[in-house]
Amino acid sequence: MLRFLVTRVSLVIPTFIGVTLLTFALIRLIPGDPIELLVGERGIDPERHAELRAEMGLDQPLLHQYGIYIWDVLQGDLGRSVVTRQPVLHEFFELFPATLELSLCAMIFALSIGLTAGVIAAVRRNSVFDHTVMGVSLTGYSMPIFWWAILLILLFSVNLGWTPVSGRIDVIYWFDQPTGFMLIDSLLSGQEGAFTSAVRHLILPAIVLGTIPLAVIARMTRSSMLEVLGEDYIRTARAKGLRPQRVVGLHALRNALIPVVTVIGLQVGVLLTGAILTETIFAWPGVGKWLIEAIHRRDYPTLQGGILLIATAVILVNLTVDLLYGIINPRIRHAR
Amino acid sequence: MPLLEIRNLSVEFPTPRGSFRAVDGVDMDVEQGELVGVVGESGSGKSLTLLSIMGLIPFPGRVTADRLSFGGRDLRGISAAQRRRITGKDAAMIFQEPMTSLNPCFTVGFQISEALRVHLGGTREQNRRRAVELLERVGIPAPESRLRAFPHQLSGGMNQRVMIAMAISCNPKLLLADEPSTALDVTIQAQILDLLVELQRDHGMALILVTHDMGVVAETAERVVVMYAGQVAEQREVDRLFATPRHPYTAGLLDSLPERSTERSRLPTLPGIVPGAFDRPSGCLFHPRCKYAQNRCVVEEPELRGDPYRGQGGSLRCHFPIDWEGTGR
């Protein structure tokens, strides 16, 4: 186990180098620099511009800049935002709970429906239910997120008026946020209607964000279940006189989950990238929206730091999934 | 009254070209504590017959029978829940592939205790102790520590012992063994068969042993059912069957045993294969491979009827059974 952990963690190092190098280089390929965008249309005196660039260290050779950046990162310093002058790390952790809450809810939505639908579709293969689930999930998987979001907003917010269009909670509510999770904080605040408002704000973005993972999980669960249901040990379980629910829900699902868990881990990456689009559409104050703004403003430190932190989150999740894999699959755990 | 009584049992599977009878009009009686061998080539419907007794025919297979009773109880038309109270408790089954028949995600102890808990209830501790007893009973060394083992940590022979322990956990009246030793090493095969026979005698349970090994049948069974293409070809006491097989198919199977053809230099074989779903012959299903076949065999399907030839209670499905009078046997 320890050796597995060491090998697995050491693989993280090249990933980090790749992530930092890519973001560092890509953001600098976009024309313009933070100063030009800060001053806006008024323009700036070239001398003053050069002065400010030197102040930010942007006049140094790129490799040198990268070296300084990496050195700072290794010391835990992600720099300060060019725009707000706040430490990037601080801003990130201000906003991350919002993204995390949205992603978690999207994942719960995707898992609960995806797993159930996949299992039922597999048990009743070739039934109307099966074909419907597979058809709908293929559609969901192919749907551009932004278009899907707009459709839902049109239907539920504009026509039916059931859900709000944007934000995390109605502006009439104001309370401290000890956890950063609106669902929990609104409950803690004790203000009447705050929780309901938070839920209503969360539903559409969570559905939009969870759609692709839902489709992938449903299809994966179905095919994995189909394979497992044909196994000899399922026949054994039936021969023991177990109830079908137990045969499917315990004996089959436990085995079918092994490949599904890997897919779920990969979907977390999809969720965080999807969050960028979803947050922008629903004006959700999370890191996704923050990153988009950072791109518009050429806020190099924010963008580099933000992407590095998100990459860290994805890597951590995948690491957890790999470890989890060993727990749910005894054959891996004991493999030497 | 026999423990298990089957009359005209059929298992049908729908195919694009009409339904296919994989098991076709099987009659079988098994007495309390009796050891019945079922033999036949691959595809002769042996396994499906057992599975239909257990109620485990996979969808979209359809089971029909004029009579299907177990322990005096009609198994036809009882609810799935009532059926499950019998399956795994009074009638248990072990399978051919021990390595894949146990769930790889659960420990051996869990899988044995599960059967106990479902049928007999009992506390966790009681079931654990019973599981240790069972593992000891089937000859697994250090049973206490084996409870925590996963199937992939045990050998094929050990896994089959675990399967047997699981099957006998609720003291079944009938144990169905579907080629329990086929997938194992030769040395282990004998051990597993010995264990099964021993358990059958000690517990007085009936055992249906499906195999395609005539040698195994000769050593263990009291009565033999020979199956061909989903039908019972012949059925009688083991000594009678081996001495004077009446069905040409039985005779062919016996002739192809190496130990029975010592004087010949070449082993006789049965030409051809068992007909499948789409090449069912007319008349007697065996006629294309039968050296005694006549016109009647092509046209008219023989019925399974009683054939008390030199003994009691045999039955046969053949127009022209072999008559051993005057052959010196």
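A brief look at the structure comes next. For clarity, every value in this text was computed on a predicted model and none was experimentally measured.

Observations regarding the overall build of chain A
Reasoning step 1: Looking only at helices and strands, chain A has 15 helices and zero strands in total.
Reasoning step 2: For chain A, the spread of C-alpha atoms along the three principal axes comes to 85 × 55 × 40 Å.
Reasoning step 3: Counting over 336 residues, chain A shows a buried share of 45%.
Reasoning step 4: Of all intrachain contacts in chain A linking residues separated by at least 6 positions in sequence, the fraction that spans at least 24 positions is 72%.

With respect to the packing of aromatic side chains
Reasoning step 1: One pass over the structure, following the stated rule, counts 10 aromatic pairs over all chains.
Reasoning step 2: Ring centres of Phe 156 of chain A and Trp 162 of chain A lie 5.8 Å apart, and the angle between their planes is 40 degrees; on these two criteria the pair is classed as tilted.
Reasoning step 3: Residue classification places Trp 162 of chain A among the exposed positions, given a relative accessible area of 51%.
Reasoning step 4: Centroid distance Tyr 249 of chain B to Phe 286 of chain B: 5.1 Å. Interplanar angle 65 degrees. Geometry classified as edge-to-face. Within this pair, whereas Tyr 249 of chain B is found in helix H11 (residues 248-255), its partner Phe 286 of chain B is found in the loop between H11 and helix H12 (295-299), the two being separated by 37 residues in sequence.

A short note on the interface of chain B and chain A
Reasoning step 1: Contacts between the two partners involve 27 residues from chain B and, on the opposite side, 22 residues from chain A.
Reasoning step 2: Taking both partners together, chain B and chain A bury about 2200 Å²; carbon and sulfur atoms supply 61% of that area.
Reasoning step 3: The largest per-residue losses of area from chain B upon contact with chain A belong to Arg 84, Cys 105 and Glu 114 of chain B, which jointly make up 24% of the total buried on that side.
Reasoning step 4: Residue Glu 114 of chain B is joined to Lys 240 of chain A by a salt bridge in which the shortest nitrogen-to-oxygen separation is 2.7 Å.
Reasoning step 5: Viewed at the interface, chain A and chain B are joined by 11 residue pairs in polar contact (both at pLDDT 80 or more).

What about the pattern of salt bridges?
Reasoning step 1: Under the defined criterion, the tally for this structure stands at 30 salt bridges over all chains.
Reasoning step 2: One salt bridge in this structure joins Arg 246 of chain A and Glu 114 of chain B, with 2.6 Å as the shortest N-O distance. On the criterion of chain membership, the pair formed by Arg 246 of chain A in helix H12 (residues 244-281) and Glu 114 of chain B in helix H4 (residues 108-120) is interchain, its members lying in two chains.
Reasoning step 3: Between Glu 133 of chain B and Arg 130 of chain B there is a salt bridge, and its shortest N-O distance comes to 3.7 Å. Residue Glu 133 of chain B and its partner Arg 130 of chain B are both found in helix H5 (residues 124-137); the two are separated by three residues, about one turn of the helix.
Reasoning step 4: Judged by relative accessible area, which is 45%, Glu 133 of chain B ranks as partly exposed.
Reasoning step 5: Through salt bridges with shared partners, a single ionic network connects Glu 12, Arg 21, Asp 24, Arg 62 and Arg 280 of chain B.

Observations concerning the sheet that holds strand S8 (residues 174-178) of chain B
Residues and elements named next belong to chain B.
Reasoning step 1: Within the open sheet, the eight strands sit side by side as S7-S8-S9-S3-S10-S11-S13-S12. Their pairing is mixed. Across the chains shown, the open sheet's two edge strands, defined by having one partner strand only, are strand S7 (91-94) and strand S12 (305-306).
Reasoning step 2: With two bridges connecting them, S12 and strand S13 (residues 315-316) associate as antiparallel partners. Counted as the bridge partner of Arg 305 is Leu 316 from S13.
Reasoning step 3: Sheet contacts for helix H7 (residues 156-167): S7 and S8; angle to S7, the most-contacted strand, approximately 175 degrees.

So, unusual backbone geometry
Residue and element names in this part refer to chain B.
Reasoning step 1: Positive phi values are uncommon outside glycine, yet Asn 8 reaches one of about 50 degrees.
Reasoning step 2: By the element assignment, Asn 8 lies in strand S1 (residues 4-15).
Reasoning step 3: Owing to a relative accessible area of 34%, Asn 8 belongs among the partly exposed residues under this scheme.
Reasoning step 4: Backbone geometry at Glu 179 places phi at a positive 45 degrees, although glycine is not the residue there.
Reasoning step 5: Relative to the helices and strands, Glu 179 resides in the loop between S8 and helix H8 (186-203).

Examining the layout of surface pockets
Reasoning step 1: What the largest pocket holds in volume is close to 1200 Å³.
Reasoning step 2: Lining the largest pocket are 39 residues, with Arg 238 of chain A together with Leu 56, Ile 57, Pro 58 and Phe 59 of chain B positioned closest to its centre.
Reasoning step 3: Listing elements by their share of the lining of the largest pocket, those giving two or more residues are helix H10 (194-229), helix H11 (232-239) and H12 of chain A together with helix H1 (46-54), strand S4 (62-64) and helix H2 (80-86) of chain B.
Reasoning step 4: For the lining of the largest pocket, the leading source of residues is H11 of chain A, giving four residues.

Thoughts on the pairing of S7 of chain B
Residues and elements named next belong to chain B.
Reasoning step 1: Burial along S7 is two-sided: Ala 91 and Met 93 facing one way and Ala 92 and Ile 94 facing the other are all buried.
Reasoning step 2: Where S7 meets S8, four bridges bridge the pair, whose relative direction is parallel. Each residue of the ladder has a partner; that of Met 93, found in S8, is Leu 176.

Description of the environment of Phe 181 of chain A
Residues and elements named next belong to chain A.
Reasoning step 1: The topology assignment puts Phe 181 in the loop between helix H8 (145-159) and helix H9 (182-189).
Reasoning step 2: As for Phe 181 and Leu 78, which are separated by 103 residues in sequence, their C-alpha atoms are 24 Å apart.
Reasoning step 3: Those residues in contact with Phe 181, other than ones at most four positions away along the chain, are Pro 97, Leu 100, Glu 101 and Arg 168.

Examining the pairing of strand S2 (residues 18-30) of chain B
All names here are of chain B.
Reasoning step 1: Both S1 and S2 contribute to a ladder of nine bridges, which runs antiparallel. Across the sheet, the residue bridging to Leu 9 is Val 26, located in S2.
Reasoning step 2: The antiparallel hairpin formed by S1 and S2 contains two residues in its connecting segment.

With respect to a negative patch on the surface
Reasoning step 1: Together, Asp 194, Asp 213, Glu 219 and Glu 259 of chain B give the surface a local cluster of negative charge.
Reasoning step 2: Tracing the backbone through its elements, the reader meets Asp 194 of chain B in helix H8.

Conventions we followed
Residues numbered from 1 in each chain as written. Chains lettered and ligands numbered in written order. Predicted model: local features only at pLDDT ≥ 70, side-chain atom pairs only at ≥ 80, totals over all residues. Heavy atoms only, no water. Helix = DSSP H or I, 4+ residues; strand = E, 2+ residues; numbered from the N terminus. Buried < 20%, exposed > 50% of the residue type's maximum accessible area, 1.4 Å probe, protein only. Contact = heavy atoms within 4.5 Å. Phe/Tyr/Trp six-rings, centres within 6.5 Å; stacked < 30°, edge-to-face > 60°. Buried area = accessible area lost by both parts, 1.4 Å probe. Salt bridge = Lys/Arg side-chain N within 4 Å of Asp/Glu carboxyl O. Polar contact = N/O pair within 3.5 Å; in protein donor to acceptor, adjacent residues only side chain to side chain. Pairing = 2+ DSSP bridges. Axes fitted to C-alpha atoms, helices over the stretch in contact; angles between N-to-C directions. 1 Å grid on protein atoms, 1.4 Å probe; cavity = no way out; pocket = protein on both sides within 12 Å on 5 of 7 lines; lining within 4 Å. Points joined across faces, edges and corners; volume = space filled by probe spheres on them. Patch = residues over 30% accessible without salt bridge, like charges linked within 9 Å, V, L, I, M, F, W, Y side chains within 5 Å. Areas by Shrake-Rupley, 256 points an atom, 1.4 Å probe, with all protein chains shown as cover. Lys, Arg positive; Asp, Glu negative; His and termini not counted. Charge placed at Lys NZ, Arg CZ, Asp CG, Glu CD.

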